[in-house]
Amino acid sequence: MTGRSFTTIENQWITLKDGTRLAARIWMPDNAENDPVPAVFEFLPYRKRDGTSPRDESTYPVFAAAGIAGVRVDIRGSGESDGVIDGEYTPLELANGCELIEWIAAQPWSNGSVGMMGISWGGFNCLQVAALRPKPLKAIISIASTVDRYNDDIHYKNGTHLSAQLSWAGTMLAYQSRSPDPELTGNRWRDMWQERLEKEPFFMEEWLGHQRRDDFWKHGSISDNFDDVEIPSLVIAGWADGYRNTPIKAIEGMGPKSKAIIGPWIHKYPHFAWPKPRADFHGEAIRWWNRWLRDERNGAEDLPQIRAYILDAVKPALRRDYDPGFWIAKDRWSKPEGDVLAIGTDGVLGKGRGGTGEVLLRSPLDTGTSSGEWFTLKPDVEMAIDQRGDDAGSLVFESAVLTEAQDYLGMPRLKLTLKSDAPLANLCARIVDVHPDGSSLRVAFGVLNLAHRKSNEHPEALTPGEATEIEMDLDAMGYRFAPGHRIRLSLSTSYWPTMLPPPYDATLTIDTGSIELALPKLGEAERIAMKEPENPNPLPDYPEQLPSASRRSVTRELSTGRTVYRIHEDTGRHEHPDTGLATRQIREEEWSVVEGDPLSMSGEANWVCDMFREGWHVRTVSSARMTCTAENWIISAEVKAFDGEEQFFEKMFEKVVPRDMM
């Protein structure tokens, strides 16, 4: 690394106006008090000392060498910060973010201009803080985030209940119950930990109290008023991640002041994400910061409004290290023209119309086990795999074999008319690329609770037997269907465990003549070369004490009709070479359902989190569980804490929450 020398401040206490002391890690260009610098701020609950240290150490030293300070702060109740977290993106969290920006701008080493950035939680809250308009905040970079907390996050999607909600509640319970590091907090660590354990909430209780898109979800959803964000925003995502819609929604809502990049990636920063090709995130970010934080005339404002990687006839695989494709740019984005496909009288998906009459659809309840997961942290079976298994339980329509390539970029839209024999039902629609050998890649999908067909805020039950017109947007896609391939539309009433079943195992009657699938044409676009990072391995390599392990399995008990989906993730144990702190987390997740019985659904997420230093070992064991009846969701959770071999804490959560039209 060349450039300006810098100093890493391992821990800086920042005291808020209410007396809460937050912990920050700062990468400071040398001589900044005589030559003030801009700063980039990231605000997370993911523990700067151990949780995000590898990715922080891959980026902030590069920023500091470019003369940009990095300020990474743990949210209250996280890592070494005082207090207890009070939820996701709460008014208190966002107010604290604004106060921290003012603190940064007031420091003698600051030039008064602050940028904010992050991925996932940090990508969310930088958009939300920008909407509050703190004066020193001049620009943001938001990665793998959302502008709509209800429809594009891990809780609900178009009224369907996502299994990721329980999974994430278990994850946050595990993260927030962990101890601070005594090396930084001194003798206070045990009292801080005790307070955290006693007072931390089980987030699922609050989330289940808001099953519609009410004011709880509107808070922080900048899509309700994009004009609140006045500063330049660079919004980035990957096609293999659950947050693939946000860049397009952001540039449609915020206009030219927003720029978008969409790559082939999972839920990671672009300079170390999979599948490759990667992008030079450091170069992109430094150019962005220099333009808006120090007014360097480098042309960042003239960048194309969208740069996207168009996947090209990708083959499904158990691991995808590289996805074939090509980069394109559009100087100005507008909603694309739809390439409308329908069902002909021959049953073929194409330009013909008329359909083949009414068709019944009731998918096996375990349809969807090839769907992958919401958070894709590895390019393996966390991503959607070959779709033939799921398509066997679906209603499928295929195009004729393509004679020329078809290029698309944007959000597909599906229209159809259906009847249901139950008042509540779900629908999943998938667009699939069928290769000449029959292997099938999921290109895009959408899910809809049919009670939410008109409104996420005011759902209406279906009238059994009554014809109902449905319109639904599928998640965004950037894809080329190659000659010799076919385009498949797959419809299913289940997509488990991604979306949880309603209390009825409904049968839908689909009017095939009503089906219209509008695929977003790419249209005029410039082919571009996107610079890749110079360093192929930018993450630091911490010494390994125990190896990592990852497993996914699906078990079908033929005699009982029970299907079980299991996840095992073991991070292994790694020691930070400078702090001597070693950590390990083990996650076990299990989902089950019995065919024909949606009320048999259950889910459980268990975590064991260990922290080690010579002469010191602490552990938390946590679990989150969910079952259901026709009327209620039943949730419970438990946290145990150990100091060495001694268990000194245990807490239980239990709650019954009425189902609300789902």
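Up top is the structure.
Residues numbered from 1 in each chain as written. Predicted model: local features only at pLDDT ≥ 70, side-chain atom pairs only at ≥ 80, totals over all residues. Heavy atoms only, no water.

Asks: Where do I start with the overall build of the protein chain in this structure?
Replies: Helices and strands together make up the secondary structure of the protein chain, namely 11 helices and 34 strands. Taken over C-alpha atoms, the radius of gyration comes to 25 Å for the protein chain, in line with the 26 Å a tight globule of 662 residues would show. Counting only C-alpha atoms and orienting by the principal axes, one finds that the protein chain spans roughly 75 × 60 × 45 Å. A total of 662 residues make up the protein chain; the buried ones form 62% of that total. When contacts within the protein chain are restricted to residue pairs at least 6 apart in sequence, those whose partners lie at least 24 apart make up 73%. Of the roughly 23500 Å² of accessible surface on the protein chain, a fraction of 48% belongs to carbon and sulfur atoms. The protein chain carries 74 positive and 100 negative side-chain charges, and their two centres are separated by 2 Å. (Helix = DSSP H or I, 4+ residues; strand = E, 2+ residues; numbered from the N terminus. Rg over C-alpha atoms; globule rule 2.2 N^0.38 Å. Buried < 20%, exposed > 50% of the residue type's maximum accessible area, 1.4 Å probe, protein only. Contact = heavy atoms within 4.5 Å. Areas by Shrake-Rupley, 256 points an atom, 1.4 Å probe, with all protein chains shown as cover. Lys, Arg positive; Asp, Glu negative; His and termini not counted. Charge placed at Lys NZ, Arg CZ, Asp CG, Glu CD.)

Asks: How should I be thinking about the side chain of R659 in this particular structure?
Replies: Tracing the backbone shows R659 in the segment after β34 (646-658). Look at R659: it is buried, it has no salt bridge, and the nearest opposite charge is E631 at 8.2 Å. Among the polar contacts made by the side chain of R659, one reaches the main-chain carbonyl oxygen of M662 at a distance of 2.9 Å. Not counting residues within four places of it along the chain, the set of residues in contact with R659 comprises Q211, P501, P502, P503, L599, C628, T629, A630, E631, N632 and W633. (Salt bridge = Lys/Arg side-chain N within 4 Å of Asp/Glu carboxyl O. Polar contact = N/O pair within 3.5 Å; in protein donor to acceptor, adjacent residues only side chain to side chain.)

Asks: Just to check I follow, could you spell out the side chain of T367 for this structure?
Replies: By the element assignment, T367 lies in the loop between β15 (358-361) and α11 (388-391). A polar atom in the side chain of T367 sits 2.8 Å from the backbone oxygen of P364. Not counting chain neighbours up to four residues away, the residues in contact with T367 comprise D390, G393, S394, S492, S494, Y495 and W496.

Asks: Help me understand the pattern of salt bridges in this model?
Replies: Side chains carrying opposite charge are able to pair once their charged atoms draw close together. Applying the stated criterion to the full structure yields 66 salt bridges. A network of salt bridges, in which partner residues are shared, links E10, R25, R49, E57, D181, E183 and R613.

Asks: Explanation requested: the packing of helix α2 (residues 91-105) against helix α3 (residues 121-132) in the structure shown.
Replies: Each pair of packed helices can be described by the angle between their axes along with the distance between the axes. In contact at an axis separation of 10 Å, α2 and α3 are set at 75° when each is read in the N-to-C sense. Between α2 and α3, the crossing angle belongs to the class labelled roughly perpendicular. Across the interface between the two elements, E93, L94, C98 and I101 of α2 pack against W121, N125, Q128, V129 and L132 of α3. Looking at the contact of α2 with α3 residue by residue, the class counts come to six nonpolar, two polar and one charged. (Axes fitted to C-alpha atoms, helices over the stretch in contact; angles between N-to-C directions. Parallel < 35°, antiparallel > 145°, perpendicular 65-115°, else oblique. Nonpolar A, V, L, I, M, F, W, Y, C, P; charged D, E, K, R; others polar.)

Asks: Explain the sheet that holds strand β20 (residues 440-449) here, please?
Replies: The strand order across the open sheet built from four strands is β16-β23-β19-β20, with neighbouring strands paired in antiparallel fashion. Each edge of the open sheet is held by one strand with a lone partner, namely β16 (395-398) and β20. The mean angle between the axes of side-by-side strands here comes to 15°, regardless of whether they run parallel or antiparallel. Alignment of strand β19 (residues 426-434) against β20, held across nine bridges, turns out to be antiparallel. Note on β20: the bridge partner recorded for I431 is A444. (Pairing = 2+ DSSP bridges.)

Asks: Looking at this model, I keep getting lost on the packing of aromatic side chains. Mind explaining?
Replies: Aromatic rings in a pair are described by how distant their centres are and how their planes are angled relative to each other. All told, the structure shown has 29 aromatic pairs when counted by the stated rule. Summarising the aromatic geometry, the rings of W27 and Y60 are spaced 5.0 Å apart at their centres and angled 20° between planes, so their arrangement reads as stacked. Remark: Y60 occurs in helix α1 (residues 53-65) and W27 occurs in strand β2 (residues 21-29); sequence separation between them is 33 residues. Of the two residues, W27 and Y60, neither departs from the other in class, the shared state being buried. Aromatic side chains Y60 and F63 sit 5.8 Å apart centroid to centroid with 90° between the ring planes, which places their arrangement in the edge-to-face category. Here Y60 pairs with F63, and both are found in helix α1, just three residues apart, close to one helical turn. Taken together, Y46, Y89, W121, F124, W168, Y175, Y243, W374 and F375 form an aromatic cluster joined through their ring pairs. Positioned above the aromatic ring of F648, the side-chain terminus of R190 is 3.8 Å from the ring centre. (Phe/Tyr/Trp six-rings, centres within 6.5 Å; stacked < 30°, edge-to-face > 60°. Lys NZ or Arg CZ within 6 Å of the ring centre and 35° of its normal.)

Asks: Just to check I follow, could you spell out the pairing of strand β32 (residues 616-628) for this structure?
Replies: For a regular strand, side-chain orientation follows a simple rule: the groups alternate between the two sheet faces. With 11 bridges joining them, strand β31 (residues 597-613) and β32 adopt antiparallel strand pairing. Directly across from A605, in β32, lies its bridge partner A624. Hairpin connection, β31 to β32: the antiparallel pair is bridged by two residues, and G615 has positive phi, about 85°. Here β32 runs beside strand β33 (residues 632-643); their pairing, made up of 11 bridges, is antiparallel. Following the sheet pairing, T620 is matched in β33 by A641. Hairpin connection of β32 to β33: three residues between the antiparallel strands.

Asks: Can you help me understand helix α10 (residues 281-293) in this one?
Replies: Each α-helix winds once per 3.6 residues, and so residues spaced three or four apart point in a common direction. Counted at 1.5 Å a residue, the expected span for α10 with its 13 residues is 18 Å, and the 17 Å between its end C-alpha atoms agrees. Most of α10 is tucked away: 10 of the 13 residues are buried. Taken as a whole, α10 has its buried residues at F281, H282, E284, A285, I286, W288, W289, N290, R291 and L293. Just past α10, the residue D295 takes up positive phi, approximately 60°. (Expected span 1.5 Å × (residues − 1).)

Asks: Teacher, can you tell me more about the nonpolar core here?
Replies: Where a protein is soluble and globular, its nonpolar side chains tend to be buried together. Within the largest apolar cluster, 178 residues are counted, with the highest numbers of intra-cluster contacts made by F63, I141, W289, L414, I431 and L491. With near-sequence residues (within four places) excluded, F63 lies in contact with V40, I68, M117, F281, A285, I286 and W289. Grouped together as the second largest cluster of nonpolar side chains are five residues, C428, F445, V447 and M499 included. (Core = buried A, V, L, I, M, F, W, Y, C linked by side-chain atoms within 4.5 Å.)

Asks: I keep staring at unusual backbone geometry and nothing clicks. Help me out?
Replies: Among all residues save glycine, negative phi is the norm, and among peptide bonds the norm is trans. A cis amide bond links W274 to the next residue, P275, at an omega of -15°. Looking at the secondary structure, you find P275 in the loop between β10 (258-263) and α10. A cis geometry characterises the amide bond from W496 onward to P497, with omega recorded as 5°. Looking at the element boundaries, P497 is found in the loop between β23 (486-492) and β24 (508-520). Although it is not a glycine, A144 adopts a positive phi angle of roughly 50°. One can find A144 in the loop between β6 (137-143) and β7 (156-157). Phi at N158 takes a positive value of approximately 50°, unusual for a residue other than glycine. Its place among the elements puts N158 in the loop between β7 and β8 (160-161).

Limitation: the analysis is restricted to geometry and does not speak to function.
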